[in-house]
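Listed below, chain by chain, are the residues.
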Amino acid sequence: MSNSQSISDEQLALIHANKQNALKRLRSQQNNQLNGSIPVSTHTRSGELAPSSALPAHTRKKKALDLTYCEFNLGTLKDTKGGFLPEPPVPSADNELMGGSSKSNTLNETPTSIYDHQIHPDPKENPQCSKCKSIDIDYNYEKHFKELVCRKCRDAYPDEYSLLTKTECREDYLLTESELRDSEKLPNWIKANPHKSTYSNMLLYLRKQVEAFAWSKWGSPEALDAEFVRRDAAKQVQKDKKFKKKLAGK
């Protein structure tokens, strides 16, 4: 055998030492399994640490079960028809001092139905729609606008019973802010802004009442159209004056 293929004494000693170390690790693992203690990590053949997840399933510790429960008073449970439990309202300090509910609760009114009101056995004694004499009255219209109209006629006659915003009343009918704020002249319905809760509340007006007030103010629809033309002409005159002043200044 040549010198390149022969094993030196140092190599034999290193092989023997590695063999003894491997036997020691094997015995320690067997002793740990017998004693019930599981090492956190073991050494791989390359000398690196192996994670505990690489160990067999029967050698890993079992996690304790989480036995925490959520207590709930079933006596106050309400069926929301939505599969969730509503949180009880938390009264604020201001509401407790004032002895009333918050402003948002008064604005966000739920639509009422005819079954929320008492119905007289005699149909003639019940409020009836001014169009079709139905007793299925929209009580929001009766409450805010003093108008007796059923839901069917409300949707069938949008020229009379559609709702207008304050901006539409001001731009389309040339009504002033003070007139729109006067609830005796123009009844309104205050609702929370649907776009964002931090925005100002909406003032809704009934088209039928707005047009009646506008015709009494301007005289007729034709007079309102003439007022539009006059204001447009006045705006054009002002623009011409400003343009001439700029030319003269140059």
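For the structure, check the block above.
Counting from 1, residues in each chain are numbered in the order their sequence is written. Where local features are concerned, this predicted model is filtered to residues with pLDDT of at least 70; where side-chain atom pairs are given and counted, the filter is 80 or more; whole-chain, interface and lining totals use all residues. Remark: hydrogens and water are excluded; side-chain values derive from all non-hydrogen atoms of the structure.

Draft legend 1. Quick look at the overall build of the protein chain. Tallying secondary structure elements over the protein chain gives 10 helices and five strands in all. Classification of residues uses two cut-offs on accessible area relative to the type maximum, computed with a 1.4 Å probe and protein chains only: under 20% is buried, over 50% is exposed, and between them is partly exposed. A burial count over the protein chain gives 18% of its 250 residues as buried. Any two residues whose heavy atoms approach within 4.5 Å are treated as being in contact. Restricting the contact set of the protein chain to residue pairs at least 6 apart, pairs at least 24 apart contribute 45%. Surface exposure of the protein chain reaches about 20,300 Å², of which carbon and sulfur atoms provide 54%. Numbering of helices and strands runs from the N terminus, with a helix taken as a DSSP run of H or I at least four residues long and a strand as a DSSP run of E at least two residues long. Using a 1.4 Å probe, the Shrake-Rupley method yields the accessible areas, and only the shown protein chains count as cover for residues.

Draft legend 2. View of helix α9 (residues 207-218). With 12 residues, α9 should cover 16 Å at 1.5 Å per step; its first-to-last C-alpha distance of 16 Å lies within 8% of that length. Listed in full, the buried residues belonging to α9 are Q209, V210, F213 and A214. Here the buried residues of α9 occupy an arc of 130° about the axis, which is enough to place them on one side. Of the surrounding secondary structure, the elements contacted by the buried residues of α9 are α4 (139-145), β3 (163-165), α7 (166-172), α8 (177-181) and β5 (202-206). In the stretch just after α9, G219 is the one whose phi turns positive, near 105°. Between the first and last residue of a helix there are one fewer steps than residues, each counted as 1.5 Å, and that sum is the expected span. The arc under discussion is defined with respect to the helix axis, by the directions toward the C-beta atoms.

Draft legend 3. Representation of a nonpolar patch on the surface in the model. The patch calculation keeps residues exceeding 30% relative accessible area without a salt bridge and links them within 9 Å when they carry like charges or within 5 Å when they are nonpolar (Val, Leu, Ile, Met, Phe, Trp, Tyr). Salt bridges, as used here, are contacts in which a Lys or Arg side-chain nitrogen is within 4 Å of a carboxyl oxygen on Asp or Glu. Together, I7, L12 and I15 make up a nonpolar patch on the protein surface, roughly 290 Å² of accessible area in all. Position of L12 among the secondary structure elements: in helix α1 (residues 9-35). Relative accessible area serves as the criterion here: at 45%, L12 is assigned to the partly exposed category.

Draft legend 4. View of the packing of aromatic side chains. Any two rings among Phe, Tyr and Trp, with Trp reduced to its six-membered ring, count as a pair given centres within 6.5 Å; such a pair is stacked if its planes are under 30 degrees apart, edge-to-face if over 60, and tilted if neither. Summed over the entire model, instances satisfying the criterion amount to three aromatic pairs. Taking the centre distance of 5.6 Å and the plane angle of 70° together, the rings of Y141 and F145 count as edge-to-face. You can see Y141 and its partner F145 sitting in helix α4, four residues apart, about one turn around the helix. Through a chain of ring-to-ring contacts, the aromatic side chains of Y141, F145 and W189 assemble into a single cluster. As a reminder, the over-ring test applies to NZ of lysine and CZ of arginine, requiring each to be within 6 Å of the ring centre and within 35 degrees of the ring normal. Cation over ring: K191 sits above W189, and NZ or CZ is 4.8 Å from the ring centre.

Draft legend 5. Molecular detail of the nonpolar core. Side-chain atoms within 4.5 Å link the members of a nonpolar core, which is a set of buried Ala, Val, Leu, Ile, Met, Phe, Trp, Tyr and Cys residues. Core analysis: the largest hydrophobic core is formed by 13 residues, its most contacted members being C169, Y173, L175, L180, L186, Y205 and V210. Secondary-structure elements contributing two or more residues to this core are β5 and α9. Once residues lying within four places of it in the same chain are set aside, the contact partners of Y173 are L164, E168, R207, V210, E211, A214, W215, W218 and L224. Formed by 12 residues, the second largest nonpolar core is a distinct cluster that contains I137, Y141, C153 and W189.

Draft legend 6. Broad picture of the pattern of salt bridges. For the coordinates displayed, the defined rule picks out 11 salt bridges. Residue E147 is joined to K208 by a salt bridge in which the shortest nitrogen-to-oxygen separation is 3.6 Å. You can see E147 sitting in the loop between α4 and α5 (151-156) and its partner K208 sitting in helix α9, a full 61 residues away along the chain. Here K208 falls in the partly exposed class, since its relative accessible area comes to 33%. As a salt-bridge pair, R230 and E227 come within 2.6 Å of each other at their nearest N and O atoms. Of this pair, R230 and E227 both sit in helix α10 (residues 221-249), three residues apart, roughly one helical turn.

Draft legend 7. Looking closely at the sheet that holds strand β4 (residues 189-191). Taken in spatial order, the three strands make up an open sheet running β3-β5-β4, and their pairing is antiparallel. Two strands bound the open sheet, and with one partner strand each, they are β3 and β4. Sheet twist, expressed as the average angle between the axes of neighbouring strands with direction ignored, equals 35°. A pair of strands counts as paired when DSSP detects no fewer than two bridges linking them. Here β3 pairs with β5 via three bridges, running antiparallel. Looking at β5, one finds that L163 is bridged to L206. Structural elements are reduced to axes, namely lines fitted to C-alpha atoms, with helices fitted over the stretch in contact, and the angle between N-to-C directions of any two is expressed from 0 to 180 degrees.

Draft legend 8. Fine view of the environment of A214. Looking at where A214 falls in the secondary structure, it is placed in helix α9. What makes A214 buried here is its relative accessible area of 0%. Sequence separation between A214 and L224 is 10 residues; the distance between their C-alpha atoms is 8.1 Å. Once residues within four sequence positions are removed from consideration, A214 is found in contact with Y173, L175 and G219.

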